[in-house]
Amino acid sequence: MNQYTRAEAQNQTAYPIARAGFPFIFAGAFATAVFALLGLVTLSLIGLLVTGFICFFFRDPDRIIPNVENAIVSPADGKVVAIETLQESRFYEGPCIKISVFMSVLNVHVNRIPFGGTIKKISYFPGKFFSANLDKASRDNEHNAVFIETEGGVPICMVQIAGLIARRIICAVHEGHPVVKGQRMGLICFGSRVDIYLPTDTKPEVLPGDMVSAGTTILGRFS
């Protein structure tokens, strides 16, 4: 058995960029061109730097997915900021384990499916915009909850949470659609957080403070 697999076809470009970033990139490039034509050197340089950063932010690298039985992969790049057992939650029926991953503006912001199955429900909440590394962000911030049922009938939920300056959550999956582990499912613009809710018999394989990569880092395993 191969140790790794691909959830999607490999990109044919040297520097893949998420489609959602194109309007921002074009706007930055257009403004930079206007400044240059007007001879505004300082503004042109600033525009060039901003456009370059936007390209960097919306990068969308291919990922290979570990082919490990019952392994749950991280839905996001970033830092694990919390692992806790909850007796109740809006996103899970009964006790569960919640793992939270904070994405800074330097992380890849494309989110991926943590485990294959079927999308049972998607629930959007237009909330506030606290800093995504705070605990209250899970409760109060704008968020999009994606409820998945695995082929074995296990319910899990991943929640895309907007951050302090994020103003757009993109979800590219739909209710009733089958999904596979590691496939792209959306992104959150400019700093954010993803929480994942799992059954209590899940065995976590990360600790708070660990850095993780979407689709490649194993967060835990189903028993």
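Residues numbered from 1 in each chain as written. Predicted model: local features only at pLDDT ≥ 70, side-chain atom pairs only at ≥ 80, totals over all residues. Heavy atoms only, no water.

Visitor: Mind showing me how you'd approach empty space enclosed by the protein here?
Guide: One water molecule sets the probe size; rolling that probe over the atoms shows where empty space is left. Enumeration over the complete set of coordinates arrives at one cavity of 30 Å³ or more. As a volume, the largest cavity reaches approximately 50 Å³. What lines the largest cavity is simply Arg6, Ala7, Glu8, Ala9, Asp62, Arg63, Arg112 and Arg184. Residue composition of the lining of the largest cavity, grouped by class: two nonpolar, no polar and six charged. (1 Å grid on protein atoms, 1.4 Å probe; cavity = no way out; pocket = protein on both sides within 12 Å on 5 of 7 lines; lining within 4 Å. Points joined across faces, edges and corners; volume = space filled by probe spheres on them. Nonpolar A, V, L, I, M, F, W, Y, C, P; charged D, E, K, R; others polar.)

Visitor: What's the story with the layout of surface pockets in this structure? I'm lost.
Guide: Taken as a whole, the largest pocket spans an internal volume of roughly 290 Å³. Looking at the largest pocket, it is lined by 13 residues, and the ones nearest its centre are Ala18, Arg19, Ala20, Asp60 and Arg184. A class-by-class count of the residues in the lining of the largest pocket yields nine nonpolar, one polar and three charged.

Visitor: Looking at this model, I keep getting lost on the packing of aromatic side chains. Mind explaining?
Guide: Geometrically, a pair of aromatic rings is defined through the distance of the ring centres and the angle of the planes. Per the stated rule, a full pass over the model turns up six aromatic pairs. Both rings, one in Phe91 and one in Tyr197, keep their centres 5.2 Å apart while their planes meet at 45°; by these two values the pair is tilted. Here Tyr197 lies in strand β13 (residues 192–198) and Phe91 lies in the loop between β4 (78–86) and β5 (96–103), a separation of 106 residues in the sequence. Here the aromatic rings of Phe115 and Phe222 are separated by 4.9 Å at their centres, their planes lie at 75°, and the arrangement is edge-to-face. Here Phe115 is found in the loop between β6 (110–112) and β7 (117–125), whereas its partner Phe222 is found in the segment after β16 (218–221), with 107 residues between them in sequence. The same class applies to Phe115 and to Phe222, which are both buried. By the ring-pair criterion, three or more aromatic residues cluster together here, those being Phe24, Phe57 and Phe58. Arg90 extends its terminal NZ or CZ atom over the ring of Phe125, reaching a point 6.0 Å from the ring centre. Looking at Lys121, its charged tip hangs above the ring of Phe147, at a distance of 4.7 Å from the centre. (Phe/Tyr/Trp six-rings, centres within 6.5 Å; stacked < 30°, edge-to-face > 60°. Helix = DSSP H or I, 4+ residues; strand = E, 2+ residues; numbered from the N terminus. Buried < 20%, exposed > 50% of the residue type's maximum accessible area, 1.4 Å probe, protein only. Lys NZ or Arg CZ within 6 Å of the ring centre and 35° of its normal.)

Visitor: Would you take a moment to explain the state of the cysteines for this structure?
Guide: Structurally, a disulfide amounts to a covalent bond that connects the sulfur atoms of two cysteines. Counting across every chain of the model gives zero disulfides. Unpaired in this structure, Cys171 has its nearest cysteine sulfur neighbour in Cys157, at a distance of 11 Å. On the basis of relative accessible area, Cys171 is assigned to the partly exposed category, the value being 24%. (Disulfide = S-S within 2.5 Å.)

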